[in-house]
Amino acid sequence: SRDDFQTVTITITGTDDGIVLANDVKTMTENATGTARTGNVLHRVMENLPFELAAGVPDLAAFRADAAVAAIVRGAMAAEGLRELAARAEDELSYADQVAELAYNALTTRLTAHATGSFRLCDVRDRLPEVEFHLPVPAEAHEADAGHRSTFVKGFIDLVFRVPSPALSGAPVYFLLDWKTNHLWDGYGRESLEQAMEHHSYGLQHWLYTLALQRWLAHRTGGKFDPQTQWGGVFYLFVRGMRGGDS
């Protein structure tokens, strides 16, 4: 049921290259040059932001001006040790506006999956942020290390969500998603994205996340989850390459 999905809590984390504050605000892609703290800020924003706020405003300017959005962005900044930045109104506005732009573009860009067609994240109601998991490690994988005591891989999935599938008469299809704030200097075309995925070993992360989530879904549904029809796939969203709409 919807309530069951909302109350679930099922830890692989990665490091992203983020952004630093720009002197003048143009777009996030033009201005950003890297600090991991901005990746953390964005993750906090996306964990606490009601996605529907992006659907209920006419444009980016209105989204930035929304009091709830502004409070969430400032709270994320403060949590990452940017309180001194928040004390300087001009700098805070520049930084906060850029983070808000990243969030808005990610939520309003149309995504496409075979099982569901196109959709926007701001229209998705059934979602779980920061889903924790513990994945058992087979004994043979660490038995050679006598001092190794851990038997689980711990990680957090940035977002788990489900979307009704017309092909399944409205039954849900499940997805997992990972936010990436990496600045890709060669742009966000297919080749550049594939190189980033390989360089950061995101393929391994993808595999572990998928394994953990599919096992949990099978357990949660009493074995009724069918990955052949109900698994939508994995989204790695390099948010700095997203522009909203179909872009």
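Thresholds, definitions, all that
Residues numbered from 1 in each chain as written. Predicted model: local features only at pLDDT ≥ 70, side-chain atom pairs only at ≥ 80, totals over all residues. Heavy atoms only, no water. Buried < 20%, exposed > 50% of the residue type's maximum accessible area, 1.4 Å probe, protein only. Helix = DSSP H or I, 4+ residues; strand = E, 2+ residues; numbered from the N terminus. Pairing = 2+ DSSP bridges. Axes fitted to C-alpha atoms, helices over the stretch in contact; angles between N-to-C directions. Salt bridge = Lys/Arg side-chain N within 4 Å of Asp/Glu carboxyl O. Expected span 1.5 Å × (residues − 1). Polar contact = N/O pair within 3.5 Å; in protein donor to acceptor, adjacent residues only side chain to side chain.

Undergrad: Describe the pairing of strand 5 (residues 172-180), listing the residues and the values that go with them.
TA: When you tally the buried positions in strand 5, you get eight out of nine residues, the bulk of the element. Judged from the six bridges that link them, strand 4 (residues 152-164) and strand 5 form a sheet pairing that is antiparallel. Looking across to strand 5, one finds that R162 is bridged to Y174. Where strand 5 meets strand 6 (residues 231-238), seven bridges bridge the pair, whose relative direction is parallel. Its bridge partner lying in strand 6, W179 is registered against L237.

Undergrad: Can you break down the environment of V137 residue by residue, with the values?
TA: Inspection of the secondary structure puts V137 in the loop between strand 3 (127-136) and strand 4. C-alpha of V137 to C-alpha of F152: the two residues are 15 residues apart in sequence and 5.2 Å apart in space.

Undergrad: Would you mind going over the sheet that holds strand 6 in detail, with residue names and values included?
TA: What the four strands build is an open sheet, ordered 3-4-5-6; its pairing is mixed. At either margin of the open sheet sits one strand with a lone partner, and together these are strand 3 and strand 6. Adjacent strand axes in the sheet meet at a mean angle of 35° when their direction is disregarded. In the sheet, strand 3 pairs with strand 4 via nine bridges, with the strands oriented antiparallel. In the sheet register, R127 faces strand 4, and the bridge partner there is F161.

Undergrad: Help me get a handle on the pattern of salt bridges, residues and values and all.
TA: Following the criterion strictly, the structure yields eight salt bridges and no others. Between E101 and R64 there is a salt bridge whose closest N-O contact spans 3.2 Å. Here the residue E101 occupies a position in helix 8 (residues 89-108), and R64 occupies one in helix 5 (residues 60-65), the gap between them amounting to 37 residues. Residue E101 is classed as buried on the basis of its relative accessible area, which comes to 6%. Notably, a salt bridge pairs D126 with R162, separated by 2.9 Å at the nearest N-O pair. Taken as a pair, D126 in the loop between strand 2 (117-119) and strand 3 and R162 in strand 4 lie far apart in primary sequence, 36 residues in all.

Undergrad: How would you summarise helix 6 (residues 67-79) if you had to cite specific residues and measurements?
TA: With 13 residues, helix 6 ought to run about 18 Å at 1.5 Å a step, and its terminal C-alpha atoms sit 18 Å apart, in line with that. Restricting attention to buried positions, one finds in helix 6 the residues V69, A70, I72, V73, A76, M77 and A78. Between the side-chain oxygen at the start of helix 6 and the backbone nitrogen of A68 there is a gap of 2.9 Å, and the oxygen is on D66.

Shape descriptors only; they carry no functional weight alone.
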